[in-house]
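As a plain string of letters, each chain reads:
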Amino acid sequence: MTDYRLLIDGRMVEGDDSMEVVNPATEEVLARAPRASAAQLDQAVAAAKVAFPAWAERPITERRALILQIADRLEADAEAFARLLTQEQGKPLAESTAEVAYTCAFIRHLASYDLPVKVIEDNDARLVQQYRRPLGVVGAIIPWNFPLLIVAFKLPLALLAGNTVVVKPSPTTPLTTLRLGTILADLLPAGVVNVITDQNDLGALLTAHPDVAKISFTGSTATGQKIMASAASTIKRLTLELGGNDAAIVLPGADPEKVAPGLFAGAFMNAGQVCLAIKRAYVHDSIYEEVCDRLATLAREAVVGDGLQQGTTIGPLQNRMQFDKVKGFLDQARRDGRVVAGGEVVEGRGYFIQPTIVADVNDGDQIVDEEQFGPILPVIRFDDVESALASANGLDLGLGGSVWGSDRDLNRHVAERMESGTVWINKHLEFGPNIPFGGVKQSGLGVEFAEEGLAEFTQIRIVNEAR
Ligand code: NAD
């Protein structure tokens, strides 16, 4: 078994404790991972604090060159990373391979930005310049659905801006992050990035830590609320990418044959464990049955299994807790709706659930109103576009949303009134490092990616000089 270690102050060290990491496809122990103590968390933050001044003063070109090397090293080891990702997270190998490639692409693109000094006034009276300075130590807290890619949402921009970082992956998917730690240990000065792992006990300490200037968090809305509360005492900067319950509105006139594959892919990627997945499909009455039938066919054709097996298109739920939660949703779906495909747990080992399409459900049903985060898609019938829009906008969440139809004016009219951070037209789930990404309402605070995301890892310093 590989020996996994924490990265603290430039060294790969054992955890004060250890923990089992389970392969969700087999329920077997995949590896033992270190488990950091509160004292080790303090050491990691202290190392990041000490490393900060020198890293912040280094020219951005040097920081960029080092960040780019992370992508090179990851790419050189891509196959091993992808395999490990499937083993710890569950997703099909093709999706893991894509995640590793995206991770490299995100690192490279995000490292390309600059932090130019902006001249606000330059005249006989004064020179006013705006600098963007780093914040200090950043805590990066990662969920279990995209353990590697979400590190790349945060790390390159935090480092490029001159911050130092403590990364904390999810307890159930720490291995790829720890493996990345070995690359970071080789490339970066001691303390610039530290990787610690926990059993859901150190995140709260990190967010309350007086020497942490900012938390960049991706995870559930409930945890985001706790982070906001605990960050209050130190006025920490926060970027929160939280839960979603994305609606897709399929308008009258949409071609069911065309939209069904897009809806299916948007809902079932990573077994539905995607913040931006379609979690509610509102389909016009005129095409409702046909869209349900086509979605049901795609669900039956999907191949559920171990992600390492060739041909698998849907892997297991990532962990036991999520598996049990989604089973609860299945029970509810059978009670309140008409299951047109799936609806069952796959017997045997592993956290497998058949991809499930539930028709004849309504707003107010738990399966519609709550984020399932699993391979279940509720399909809701509507006959009035305004009421579908009101339903889509009716929740406290607003990460993404999509409109599907053949009338461009109507598509845009509906899209412009959807209350979400991203609205797609005739697609869902497309994002990139050059496109700012964030949620409205309780789906988040701030944005990631692009120049706007970089700005969130900085603070403005104005230098105002008399002439
Ligand atoms: P989670 O909130 O349970 O855990 C996320 C991370 O927070 C883990 O590393 C966990 O250890 C840590 N954590 C737990 N308690 C903490 C605390 N009190 N303080 C600080 N950190 C703490 O989320 P999850 O179950 O891992 O992920 C699923 C959720 O994440 C879903 O709601 C999903 O929609 C959301 N998500 C959002 C995005 C996005 O970009 N908006 C992306 C992926 C997932």
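Residues numbered from 1 in each chain as written. Predicted model: local features only at pLDDT ≥ 70, side-chain atom pairs only at ≥ 80, totals over all residues. Heavy atoms only, no water.

Novice: Teacher, can you tell me more about the packing of helix α3 (residues 78-89) against helix α6 (residues 175-187) here?
Specialist: Packed helix pairs are characterised by how far apart their axes lie and by the angle those axes make with each other. With their axes 9 Å apart at the nearest point, α3 and α6 run at an angle of 155° to one another. Classified by the angle between their axes, α3 and α6 sit roughly antiparallel to one another. Residues Ala80, Phe81, Leu84, Leu85 and Glu88 of α3 form the contact with α6, whose participating residues are Leu175, Thr176, Arg179, Leu180 and Ile183. Each residue belonging to the contact of α3 with α6 can be placed in one class, and the counts come to 7 nonpolar, 1 polar and 2 charged. (Axes fitted to C-alpha atoms, helices over the stretch in contact; angles between N-to-C directions. Helix = DSSP H or I, 4+ residues; strand = E, 2+ residues; numbered from the N terminus. Parallel < 35°, antiparallel > 145°, perpendicular 65-115°, else oblique. Contact = heavy atoms within 4.5 Å. Nonpolar A, V, L, I, M, F, W, Y, C, P; charged D, E, K, R; others polar.)

Novice: Is there a simple way to explain the domain arrangement of the protein chain in this structure?
Specialist: Interfaces are often described in size by the accessible area the parts lose on coming together. Split by domain assignment, the protein chain resolves into domain 1 (6-242 + 443-466) and domain 2 (246-432). Measuring from the centre of the C-alpha atoms in domain 1 to the corresponding centre in domain 2 gives 31 Å. Taken together, the contact between domain 1 and domain 2 spans 29 residues of the former and 30 residues of the latter. For the pair domain 1 and domain 2, the two sides together bury roughly 2300 Å², of which 57% comes from carbon and sulfur. When the area that domain 1 buries against domain 2 is broken down by residue, the three leading residues are Glu27, Trp144 and Ser443, summing to 25%. Counting the contacts that link domain 1 with domain 2 gives 1 salt bridge. One can count 12 residue pairs in polar contact (both at pLDDT 80 or more) joining domain 1 with domain 2. Of all the secondary-structure elements, those providing two or more residues to the side of domain 1 that touches domain 2 are α3, α4 (93-110) and α5 (149-160). Per element, the largest residue contribution to the side of domain 1 that touches domain 2 is 5 residues, and it comes from α3. (Domains from an automatic or database assignment. Buried area = accessible area lost by both parts, 1.4 Å probe. Salt bridge = Lys/Arg side-chain N within 4 Å of Asp/Glu carboxyl O. Polar contact = N/O pair within 3.5 Å; in protein donor to acceptor, adjacent residues only side chain to side chain.)

Novice: Quick question: what am I supposed to make of the site of the ligand here?
Specialist: Taken together, 30 residues sit near the ligand, with Asn200, Ser220, Thr223, Leu242 and Glu371 positioned nearest. One nitrogen or oxygen atom from the main chain of Ile142 is found 2.8 Å from an oxygen atom belonging to the ligand. For the ligand, an oxygen atom lies 2.9 Å from a polar atom in the side chain of Lys168. A total of 840 Å² of accessible area belongs to the ligand in isolation, and the protein chains cover 89% of it. Assessed atom by atom at 2 Å from the grid points, the ligand resides in the largest pocket. (Near = heavy atom within 4 Å. Areas by Shrake-Rupley, 256 points an atom, 1.4 Å probe, with all protein chains shown as cover. 1 Å grid on protein atoms, 1.4 Å probe; cavity = no way out; pocket = protein on both sides within 12 Å on 5 of 7 lines; lining within 4 Å. Sits in = over half its atoms within 2 Å of the grid points.)

Novice: I tried to follow the sheet that holds strand β13 (residues 278-284) on my own but got confused; where do I start?
Specialist: Sheet strands pair via backbone hydrogen bonds, and the direction of the pair is either parallel or antiparallel. Pairing is mixed across the open sheet formed by 7 strands, whose spatial order is β14-β15-β16-β13-β12-β18-β19. Every interior strand has two partners, whereas the edge strands, β14 (338-341) and β19 (422-425), have only one. Adjacent strand axes in the sheet meet at a mean angle of 25°, parallel and antiparallel pairs treated alike. As paired elements, strand β15 (residues 356-359) and strand β16 (residues 376-382) share 3 bridges and run parallel to each other. Across the sheet, the residue bridging to Thr356 is Ile376, located in β16. (Pairing = 2+ DSSP bridges.)

Novice: Help me out: how do you make sense of the layout of surface pockets in this one?
Specialist: A probe as big as a water molecule, rolled over the atoms, marks out the empty space that is left. By volume, the largest pocket amounts to about 1100 Å³. The wall of the largest pocket is formed by 38 residues, among which Trp144, Phe217, Gly219, Ser220 and Thr223 lie closest to the centre. Residue assignment for the lining of the largest pocket shows that the elements contributing at least two residues are α7 (203-208), β10 (214-218), α8 (221-231) and α11 (320-336). With 6 residues, α8 is the largest single contributor of residues to the lining of the largest pocket. When residues are assigned to domains, the lining of the largest pocket turns out to be shared by domain 1 (6-242 + 443-466) and domain 2 (246-432), each giving three or more. Roughly 310 Å³ of internal volume is contained in the second largest pocket. No other element matches the 4 residues that α4 contributes to the lining of the second largest pocket. Here the lining of the second largest pocket is composed, by residue class, of 13 nonpolar, 1 polar and 4 charged. (Points joined across faces, edges and corners; volume = space filled by probe spheres on them.)

Novice: In this structure, what is going on with the side chain of His428? I would like to understand it.
Specialist: Mapping His428 onto the fold places it in the loop between β19 and β20 (440-441). Of note is the side chain of His428, whose polar atom sits 3.0 Å from the backbone oxygen of Leu276. In this structure, His428 is in contact with Asp246, Ala247, Leu276, Ala277, Ile278, Gly401, Ser402 and Trp404, ignoring residues within four places of it in sequence.

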